Amino acid sequence: MKGIVFTEFLDLVEDKFGLEVVDKIITQSNLDSGGIYTSVGTYKFSEMLQLLQHLSAHTNISIDDLLLVYAEHFFSVIETSYPGLLATYKDPIDMLSSIENHIHVEVRKIYPDAELPTFEIVEKTENSLVMIYKSSRAMHHFGLGLMNKTFEHFNSKASIVLEKLNDDGTEVKFLINKN
């Protein structure tokens with residue numbers, strides 16, 4: 001997992017809960033990195049999972065809810081760092097439907113060894129999108145948060161239903177309807 005995901009996560013934790021909580025979740029975790037991350041480094045997903053689990057235990061906030069909040073924060077990083085990418089699109093449905101064939105292609109140019117989820121478009125209309133998310137990391141709520149912020153970015157609203165296709169959440173169907 002790319003280091004920017006870790007550095008931004010720890011920045012968010014510090015902003016929302018304080019530096020003491022950052023220190024606590026790092027100390028409680030068994031991290032090969034020692035909790036020292038650079039934005040361009042690559043780290044094991046198990047480290048992120050440990051940090052999320054300890055933060056969830058400390059705050060009594062579910063991991064899914066933490067991932068939603070984190071995704072909203074991360075979208076602001078995308079807006080600031082890659083405004084040209086977002087400016088390519090005029091509509092949230094078009095942007096979301098191009099994750100696999102455009103956005104992830106651009107991400108791989110910056111981070112060639114990034115392990116990204118896949119998004120298969122099942123159906124697309126002007127105001128709706130059905131897509132299948134696949135990832136061994138089961139971070140579908142991170143994806144949901146990014147989708148929510150995508151609609152907000154375009155001053156639009158949508159109903160997004162998440163339907164797990166398997167128990168572990170490694171395959172999820174997103175049913176998106178623009179309001």
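Up top is the structure these notes are about.
All of the points below concern the structure found in this document. Because the structure is a prediction, the values reported are computed rather than measured.

### What to know about the environment of Glu79
Positionally, Glu79 belongs in helix H4 (residues 63-81). A C-alpha to C-alpha distance of 17 Å links Glu79 and Ile93, two positions 14 residues apart in sequence. Apart from the residues lying within four places of it in its own chain, the contact partners of Glu79 are Leu86 and His153. Looking at Glu79, its side chain comes within polar contact range of the side chain of His153, at 2.9 Å.

### Some points on the packing of aromatic side chains
With the rule as written, the count across this model stands at 9 aromatic pairs. Plain terms: the ring middles of Tyr37 and Tyr43 are 4.8 Å apart, the flat faces sit at 90° to each other, and that makes the pair edge-to-face. Both residues of the pair, Tyr37 and Tyr43, count as buried. Measuring from centroid to centroid gives 5.8 Å for Tyr70 and Phe74, while their planes differ by 65°, and the two rings are edge-to-face.

### Concerning unusual backbone geometry
Phi is positive for Asn60, close to 60°, though the residue is something other than glycine. The topology assignment puts Asn60 in the loop between helix H3 (45-59) and H4.

### A short note on the pairing of strand E4 (residues 171-178)
The sheet contact formed by strand E2 (residues 128-134) and E4 spans 7 bridges and is antiparallel. Note that in E4 the partner of Met131 across the bridge is Phe174. Judged from the 7 bridges that link them, strand E3 (residues 158-164) and E4 form a sheet pairing that is antiparallel. Paired with Glu163 across the bridge in E4 is Lys173.

Reading the values: the criteria
- Residues numbered from 1 in each chain as written.
- Predicted model: local features only at pLDDT ≥ 70, side-chain atom pairs only at ≥ 80, totals over all residues.
- Heavy atoms only, no water.
- Helix = DSSP H or I, 4+ residues; strand = E, 2+ residues; numbered from the N terminus.
- Contact = heavy atoms within 4.5 Å.
- Polar contact = N/O pair within 3.5 Å; in protein donor to acceptor, adjacent residues only side chain to side chain.
- Phe/Tyr/Trp six-rings, centres within 6.5 Å; stacked < 30°, edge-to-face > 60°.
- Buried < 20%, exposed > 50% of the residue type's maximum accessible area, 1.4 Å probe, protein only.
- Pairing = 2+ DSSP bridges.

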